[in-house]
Amino acid sequence: MLKKMLSIILISFSLHSIAQENTSKRNILNEQSVVRGEDGLVYPYSSWKKLISTGKYAIKGRNTSTDRGNPEYLLYELTADQRAAYFDKLPKPRPSDAFKEGDDFNGFKVTDMNGNKFDFRTAKDKVLVLNFWFIKCPPCVDEIPQLNELVAAYKDNPNVVFLAIALDEKYDIKNFLKINPYHYNIVDGGRYLANKFGVAAYPTHAVIDRNSKVKFGTVGLAPNTISWIEKSIDESLKAN
């Protein structure tokens with residue numbers, strides 16, 4: 001069992017995604033890999049990669065081969081207990097150089113694209129959840145459904161504020177949202193804020209606690225990214 005779990009971890013770890021404007025990373029599993037669901041059907045690359053990114057699915061060797069002798073892989077859904085055990089064994093998501101845990105957070109004043117005003121220079125007792133992203137960043141887009149679930153989980157808690165800093169302009173974001181609803185408060189034209197904090201890779205996430213300290217910062221999309229964001233929010237809310 002442990003050997004199988006380790007193989008899952010290694011494969012999933014290879015799928016951690018980071019979008020940078022001039023760099024790319026080759027995955028062990030790629031567009032040519034044959035990945036089958038538990039029903040035996042072959043999943044397109046875009047489909048199985050998106051499912052893996054949710055942290056609700058895993059991939060392992062299927063012990064079968066294609067006609068050309070290439071290995072096939074099995075995509076399967078994890079139970080709640082398997083997900084918990086899976087996340088516990090995964091390495092912590094890659095830390096952010098822009099938001100280092102324990103550092104002071106220098107707040108800012110901003111207005112989102114719907115006219116809502118935020119002043120995080122004086123916002124005490126609020127937990128701030130930040131996401132730096134842009135429309136043409138595949139991992140940024142892949143994680144939006146999970147981020148929406150996160151927003152829904154805290155919708156009745158006014159002390160948690162979700163803010164997405166987009167590099168794109170309002171017109172492009174509005175067109176994007178027609179197909180891809182995103183429930184964070186979205187700031188358009190946010191490159192100046194990305195530059196202010198030294199954000200150079202996307203997506204970048206940060207959780208700022210109620211004492212204006214960085215509780216958690218990460219870059220890229222790992223299967224347990226959302227789990228760590230949620231854990232960090234809960235710990236921040238419980239702390240004095």
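Calculation criteria
Residues numbered from 1 in each chain as written. Predicted model: local features only at pLDDT ≥ 70, side-chain atom pairs only at ≥ 80, totals over all residues. Heavy atoms only, no water. Helix = DSSP H or I, 4+ residues; strand = E, 2+ residues; numbered from the N terminus. Buried < 20%, exposed > 50% of the residue type's maximum accessible area, 1.4 Å probe, protein only. Pairing = 2+ DSSP bridges. Arc of directions from axis to C-beta. Contact = heavy atoms within 4.5 Å. Axes fitted to C-alpha atoms, helices over the stretch in contact; angles between N-to-C directions.

A. Representation of unusual backbone geometry within the structure. With omega at -5°, the peptide bond leading from Tyr202 into Pro203 counts as cis. Counting through the fold element by element, Pro203 comes out in the loop between helix H7 (191-197) and strand E9 (204-208). Not every positive phi belongs to a glycine, and Asn63 is a case in point at roughly 65°. Inspection of the secondary structure assignment puts Asn63 in strand E2 (residues 57-65). Look at Asn63 and you get exposed, because its relative accessible area is 80%. Positive phi is not limited to glycine here, since Ser212 has a value of about 60°. With respect to the helices and strands, Ser212 occurs in the loop between E9 and strand E10 (214-219). Given the relative accessible area of 16%, Ser212 is considered buried.

B. Seen up close, the pairing of strand E7 (residues 160-166). Across the seven residues that make up E7, a large majority, seven, are buried. Residues Val160, Phe162, Ala164 and Ala166 point to one face of E7 and Val161, Leu163 and Ile165 to the other, with burial holding for every one of them. Strand direction decides the pairing type here: strand E6 (residues 127-133) and E7, joined by seven bridges, are parallel. Looking at E7, one finds that Leu130 is bridged to Leu163.

C. Here's a closer look at helix H2 (residues 45-53). Burial in H2 covers these residues: Trp48, Ile52 and Ser53. Buried residues along H2 cover an arc of 140° about the axis, so they all sit on one side. Against strand E1 (34-36), E2, strand E3 (71-77), helix H4 (138-142) and helix H5 (144-153) lie the buried residues of H2. Gly55 sits one or two positions beyond H2 and adopts a positive phi of about 75°.

D. Region of the structure containing the sheet that holds E10. Here five strands make up an open sheet; going across it, the order is E8-E7-E6-E9-E10 and the pairing mixed. On the outer flanks of this sheet lie strand E8 (185-187) and E10, each paired with one strand and no other. Pairs of neighbouring strands in the sheet enclose a mean axial angle of 15°, with direction left out of account. When E6 meets E9, the two strands line up antiparallel, connected through five bridges. The residue of E9 that forms the bridge with Leu130 is Ala206.

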